[in-house]
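Survey of secondary and tertiary structure
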Amino acid sequence: MTDLSIIEQLPEIIRNGEKTFEDIIKRPYAENFTQEELVIPEGQVKKPINQFYQGDNILVMERLLKSGLKGKIDLIYIDPPFMTKTNQEGRIVINDGQKDHVIEQVAYRDNWEGGLISYLNMLCPRIYLMKELLSEQGSLYIHLDYRTVHYVKVILDCIFGQENFLNEIIWAYKSGGVSKRYYSRKHDTILVYTKTKDYIFNPQKEKSYNRDFKPYRFKGVKEYQDELGWYTLVNLKDVWQIDMVGRTSRERVGYATQKPEKLLERIILTSSNENSIVADFFAGSGTTGVVAENLNRSWIMADNSNLSGVTVKKRLMEKGSSFCVHKSISKINDGGKLKLKVESREKEEGIYDIFIELDSYDISIENMDIKKKYIPKVKDIIDKNSLALIELIALDLDYDGEKAKLSRHFVRNSSIDSKLSIRDIKLREGQKIYFKYVDVFGKENYNMYQINKGKVILCQEY
C-alpha cells in the first residue's frame, strides 16, 4: 500500500471514527465492568476517587461519559501502541528458591493486520471520545513516534481544529543501538491539543546554560551556578532531554515501554491544577497515576493488558495509594488455584492473630501469554516452587458481600513468603474474609472465608 492510498483513505477513517463515536454516544448503556474492588490502605476510611479500569478503553470512556464525567477531565495523556509490528513484552524475574529466571511475557500486541489503516481506525473514535471527556480548559497529549505521528496529527487537526494545536514536543533520550544506514532514532514526539483557547497552562522552568558556562552579569537577570557552570531559568522549550527508565533505575518495574516520572511531571504540572482529574487510557505501567497522585491530582487509568493490571496494582499498593479497580467480565477470576491454609488464634476475647500458610499454585501453561521457549523454564519453576508465580495477595478482613475493600496486602520481591500473618484482628461470628491473589502474569482469583466459632472456614473458592 502506498502513502498516497493512505492519504486518500484518511477522510474515510475520520468519517468512520465519527460515526463510531456517535453510535457509542447514542446507544443504551450496558454495564461492561461488573466487578469493583476498593484498595484502601489500613487506617484510611475515605472512599477513593482514583480509578483503574481493566478492560477495553473504548468501553471505559463510554462508561465515564455516561456516568457524568463529560467535560470534567482537565488533562488526558496517552501513550498508545506505536505500530511497531512487534509484541511488546514485560520482563519478569522469578526466583524458584535456588536461582533467578527471566521470563518475558507479552504486555500488548502491536501487530496490525490491516497495517496503518487499521491502526488509525482504532485510534480515531477514541480521540473523539477523549475530546468529549475533556473540560473546556483541558488538553490532550498523544505520545507517538515517527511511524504514525504525521497521520495522527492530520486526524487531530480535523477533530480538534488546527487552531487548537498547541505544540509538538520532542522527547530526546539516550538509548542503546546505532545504525550505519540511517540517523539513529533517539526521540519520540508528543502532540499537544487543547479543547478551547481557555486552557490550563502553568509554565515550567528549565536551565539555560550561558555561553561558555560563564556569568553574563546582565542587570536584572538572575543567574545560578551548578557543577557545569552558570545558567538562567527560562520557560520550557519544546525539546525535552530526559533519560529513559534505565535497567538499573529505581523506577523500573519491568514493563515494556515504561515512561519516566520526570516526563509525566512536566506534562501534569503544566496542563493541570491541583485537584484536577488526569486520565490515561493506555496506562501501561501506571506512571501517569503515580505522578498525578504525587502532585495532588485525581487520576483515572485504563488498560486491557493483564500485565499492566498487576503492574499498576502492585506499584500503587506499595506506594500506599487508595483507588477503585473496575474489571470487565473477561478479567474476572481468570487465574489458577492457590492452595493454602488459614488459621486464627485468639489472643484475648475477640482479638485474634491470623496465620496464612501457602502450599502451592496450580495453573495451566496454556493460560500464560509467553513465548514457547519459556515454557520449559516455567514448568521447571512450577515443579520446584510454584509459589514463586504469586505476585500479589490482598485481603478484605471484613467483607460486606458486595464490594471488597482491600486493606492488607503482601507483594512479591524475589518471591512471596509462604507463611504470612496478620496480627491483632477483631473477629466476630459470621464475619467474612475476602482473599485475593494475582500471579506474575496478571491472572487472578479469590477465595472467601467465614468466621465460625473463632475458626476461619473456607466457604467459597473460585
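See the structure above.
Here, residues in each chain are numbered from 1, in the same order as that chain's written sequence. Per-residue local features are limited, in this predicted model, to residues with pLDDT of at least 70; the limit for side-chain atom pairs, both in listing and counting, is 80 or more; totals at the level of whole chains, interfaces and linings are taken over all residues. Heavy atoms from the whole structure form the basis of all side-chain values; hydrogens and water molecules are not counted.

**Some details on the packing of aromatic side chains**
Whether two aromatic rings pair depends on their centres lying within 6.5 Å, for rings of Phe, Tyr and Trp, where Trp uses its six-membered ring; planes under 30 degrees apart make the pair stacked, over 60 edge-to-face, and the rest tilted. Per the stated rule, a full pass over the model turns up 17 aromatic pairs. Between Phe33 and Tyr53, the aromatic rings sit 5.2 Å apart at their centres with planes inclined by 80°, giving edge-to-face as the arrangement. Here Phe33 is found in strand β1 (residues 33-39), whereas its partner Tyr53 is found in strand β2 (residues 51-54), with 20 residues between them in sequence. Tyr53 matches Phe33 in its accessibility class, with the two residues each being buried. Their ring planes at 75° and their centres at 6.3 Å tell us that Phe435 and Tyr449 sit as a pair that is edge-to-face. Of the two residues, Phe435 sits in strand β22 (residues 432-439) while Tyr449 sits in strand β23 (residues 444-452), which places them 14 residues apart along the sequence. For the pair Phe435 and Tyr449, one class covers both residues: buried. Across the ring face of Tyr146, the terminal group of Arg185 is positioned such that the distance to the ring centre comes to 4.4 Å. Geometrically, a lysine NZ or arginine CZ counts as sitting over a ring once it is within 6 Å of the ring centre and also within 35 degrees of the ring normal. Over the ring of Phe355 we find Arg345, and its NZ or CZ is 4.2 Å from the ring centre. The way it works is that DSSP assigns letters per residue, a run of H or I at least four long becomes a helix, a run of E at least two long becomes a strand, and they are numbered from the N terminus. Only protein chains enter the accessibility calculation, which uses a 1.4 Å probe; a residue whose area is less than 20% of its type maximum is buried, one above 50% is exposed, and one in between is partly exposed.

**Regarding the side chain of Asp396**
Structurally, the position occupied by Asp396 is in strand β18 (residues 390-396). Neither His nor the chain termini are counted; the positive set is Lys and Arg, and the negative set is Asp and Glu. Salt bridges, as used here, are contacts in which a Lys or Arg side-chain nitrogen is within 4 Å of a carboxyl oxygen on Asp or Glu. Of the buried charged residues, Asp396 lacks a salt bridge, with Lys405 as the closest side chain of opposite charge at 5.5 Å. Among the polar contacts listed, one links the side chain of Asp396 to the backbone nitrogen of Tyr399, at a separation of 3.4 Å. The criterion used for residue contact is that any of the two residues' heavy atoms lie within 4.5 Å. Non-local contacts of Asp396, meaning those with residues more than four positions away in its chain, are made with Lys403, Ala404, Lys405, Leu406, Lys432, Ile433 and Tyr434. Polar contacts, as counted here, are pairs of nitrogen or oxygen atoms within 3.5 Å of one another; within protein the pair requires one atom able to donate a hydrogen and one able to accept it, and residues that are adjacent in sequence qualify only if both atoms are side-chain atoms.

**Regarding the nonpolar core**
Residues Leu338, Ile356, Leu358, Leu389, Ile393, Leu395 and Phe435 are the most contacted members of the largest nonpolar core, which totals 84 residues. Not counting residues up to four positions away in its chain, the partners in contact with Leu395 are Ile356, Lys405, Leu406, Ser407, Arg408, Phe410, Ile422, Ile433, Tyr434 and Phe435. The term nonpolar core refers to a set of buried residues drawn from Ala, Val, Leu, Ile, Met, Phe, Trp, Tyr and Cys, joined through side-chain atoms within 4.5 Å. Judged by nonpolar contacts, the second largest core, of 48 residues, contains Phe33, Leu120, Val152 and Ile159.

**Side note on unusual backbone geometry**
A positive phi angle, close to 65°, is found at Asp212, a residue other than glycine. Relative to the assigned elements, Asp212 resides in the loop between β9 (205-209) and β10 (224-225). The class of Asp212 is exposed, set by a relative accessible area of 59%.

**Some details on the packing of helix α2 (residues 57-69) against helix α3 (residues 115-133)**
Simply put, an axis is a line fit to the C-alpha atoms, just over the touching stretch for a helix, and the angle between two N-to-C directions goes from 0 to 180 degrees. Between α2 and α3, the shortest axis-to-axis distance is 10 Å and the interhelical angle comes to 25°. It follows that α2 is roughly parallel to α3 by the angle criterion. Crossing hand, α2 versus α3: left-handed. Two secondary-structure elements touch here, α2 through Asn57, Ile58, Met61, Leu64, Leu65 and Leu69 and α3 through Pro125, Arg126, Leu129, Met130, Glu132 and Leu133. In this classification, Asp, Glu, Lys and Arg are treated as charged, Ala, Val, Leu, Ile, Met, Phe, Trp, Tyr, Cys and Pro as nonpolar, and every other residue, Gly included, as polar. Classifying every residue of the contact of α2 with α3 gives nine nonpolar, one polar and two charged. Orientation categories follow fixed angle ranges, with anything under 35 degrees roughly parallel, anything over 145 roughly antiparallel, 65 to 115 roughly perpendicular, and all other angles oblique. Crossing handedness is read from the near helix: turned anticlockwise from the far helix by less than a right angle, it gives a left-handed crossing, and turned clockwise, a right-handed one.

**Digging into the pairing of strand β11 (residues 230-235)**
Only strands joined by at least two bridges in the DSSP assignment are considered to pair. Summarising the sheet, β9 and β11 pair through five bridges and their orientation is antiparallel. Its bridge partner being in β11, Ser208 is matched across the sheet by Thr232. The sheet contact formed by β10 and β11 spans two bridges and is antiparallel. Paired with Tyr224 across the bridge in β11 is Tyr231. In this antiparallel pair of consecutive strands, β10 and β11, the connection spans four residues, and Gly229 shows a positive phi of 150°.

**Describing the sheet that holds β11**
The sheet built from three strands is open, its strands ordered β9-β11-β10 with antiparallel pairing. Of all the strands in the sheet, the pair left with one neighbour each is β9 and β10.

**Points about the pairing of strand β3 (residues 73-78)**
For β3, the buried fraction is high: six of the six residues fall into the buried class. Note: β3 against strand β6 (residues 134-144), five bridges, orientation parallel. Counted as the bridge partner of Ile73 is Leu134 from β6. By the bridge criterion, two bridges tie β3 to strand β13 (residues 277-280) in an arrangement that is parallel.

**Focus on the environment of Asn16**
By secondary structure assignment, the location of Asn16 is in helix α1 (residues 3-26). Overall, the relative accessible area of 36% leaves Asn16 in the partly exposed class. With 105 residues separating them in the primary sequence, Asn16 and Asn121 have C-alpha atoms 7.6 Å apart.

**Brief notes about the environment of Leu144**
Along the polypeptide, Leu144 turns up in strand β6. When the C-alpha atoms of Leu144 and Asp188 are compared, they prove to be 6.1 Å apart, with 44 residues separating the residues in sequence. With residues up to four places along the chain from it excluded, the contact list for Leu144 reads Pro80, Phe82, Tyr119, Val149, Val152, Asp188, Thr189 and Leu191.

What is shown is where atoms sit, not what they do.
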